Amino acid sequence: MSFSHDYRSPATPTDWNAQAANLDAGLRAYMLRVYNWMASGLLLTGIVAYVIANTSLSHLFFQVVQVPGGLVPRPTLLGDVAMLLPLAFVLVMSFGLNRLSLQGAQALFWAFCAAMGASMANIFVIYTDTSIVRVFLVTACMFAATSLWGYVTKANLLRFSSFLMMGLFGLLIAGLVNLFLKSPALYYVYSIVGVFIFTAFSAFDAQRIRVTYPQLAAYEGPEMTAKRSVYDALSLYLNFINLFQFLLQFMGARNSND
């Protein structure tokens, strides 16, 4: 009678170190892909907004009218559609992630960024180009600092997810209420809270991406990982855009004819 023993030797520290190194390299590559998507989306949004505001296309999306306080842009019907389209794209990408192909998710991301550019074209009428560039640079520095902190910090930011979502819903409700009240004080508080919430979301989402990547790498294939990078880029993109818009309300210099 013979006995055979089929066993595998336990993983050595060298094996664990190699696995950790591979995971770390994969995470860095994934984060680079996410931020590249986000940056290219911001570039497309800026180009579309600038082109629409400075060409004859502006008449299709908004018209400048005289009011007691000066000249202000009013959206046309197409402008109203352009402002609502980004929400539709976000809903499709959020709820249809598993059903979309990689090419479909990427196409929707580009379409969303272009639609966002169309909806933001009026800022070039309201604010000076110099102040827009200045606020963009300030936003970029704030976003980079907070997202980097969220990525490297050992503090558990994910436990604040429910508070951030409650704050976001409260912000939306306050914005809708002030459409009717038109209270300058409420608008000021609304803008401050908006800056705080989207600064916090910038750190939160950076940590969320880092924490969830190991599970994504272990259980999802290359196509789903690539699609997920587009979705994560969309989250960071929205944080940046909202932070930029709230800061512009504080720091933007209005055109003299506005």
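Thresholds, definitions, all that
Residues numbered from 1 in each chain as written. Predicted model: local features only at pLDDT ≥ 70, side-chain atom pairs only at ≥ 80, totals over all residues. Heavy atoms only, no water. Helix = DSSP H or I, 4+ residues; strand = E, 2+ residues; numbered from the N terminus. Expected span 1.5 Å × (residues − 1). Bend = angle between axes of the 7 residues up to and from the residue. Core = buried A, V, L, I, M, F, W, Y, C linked by side-chain atoms within 4.5 Å. Buried < 20%, exposed > 50% of the residue type's maximum accessible area, 1.4 Å probe, protein only. Contact = heavy atoms within 4.5 Å. Patch = residues over 30% accessible without salt bridge, like charges linked within 9 Å, V, L, I, M, F, W, Y side chains within 5 Å. Areas by Shrake-Rupley, 256 points an atom, 1.4 Å probe, with all protein chains shown as cover. Salt bridge = Lys/Arg side-chain N within 4 Å of Asp/Glu carboxyl O. Axes fitted to C-alpha atoms, helices over the stretch in contact; angles between N-to-C directions. Left-handed = near helix turned anticlockwise from the far one by under 90°. Nonpolar A, V, L, I, M, F, W, Y, C, P; charged D, E, K, R; others polar. UniProt positions renumbered as here; feature names shortened; annotations may be inferred.

### With respect to helix α3 (residues 77-95)
A rise of 1.5 Å per residue sets the reference length of α3, with its 19 residues, at 27 Å; its end C-alpha atoms lie 27 Å apart and thus fit the reference within 8%. If you look at α3, its biggest bend is around 30°, right at L84, and the proline P86 turns up within four residues after that.

### A look at the nonpolar core
Of all hydrophobic cores here, the largest spans 57 residues; its most connected members are F109, F112, I123 and Y237. By residue number, the principal contributor to this core is helix α9 (residues 222-251), which donates twelve residues. Non-local contacts of Y237, meaning those with residues more than four positions away in its chain, are made with M38, G41, L42, T45, F112, C113 and M116.

### Quick word on a nonpolar patch on the surface
A contiguous nonpolar surface patch, about 890 Å² in accessible area, is contributed by L43, I47, Y50, V51, L57, L60, L77, L78, V81 and L85. Tracing the sequence through the fold places L57 in the loop between α1 (13-53) and α2 (58-61).

### Let's talk about the packing of α3 against α9
Direction vectors running N to C along α3 and α9 enclose 145°, while the axes themselves pass 11 Å from each other. As α3 runs across α9, the sense of the crossing is left-handed. Counting all contacts with α3, which are made through V90, M93 and S94, the residues of α9 involved are V230, Y231, L234 and L238. Looking at the contact of α3 with α9 residue by residue, the class counts come to six nonpolar, one polar and no charged.

### Some remarks on the side chain of D205
On the secondary structure map, D205 appears in helix α8 (residues 184-219). Each residue touching D205, except ones within four places of it in the same chain, is listed here: S235, L236 and N239.

### Observations concerning the UniProt feature "transmembrane region" (unreviewed entry) in the chain
Residues annotated by UniProt as "transmembrane region" (unreviewed entry) correspond here to residues 34-57, 77-95, 107-126, 132-151, 163-181, 187-204 and 234-252. With 85% helix and 0% strand, residues 107-126 has end C-alpha atoms that lie 30 Å from one another. From the first C-alpha to the last, residues 187-204 spans 25 Å; its make-up is 100% helix and 0% strand.

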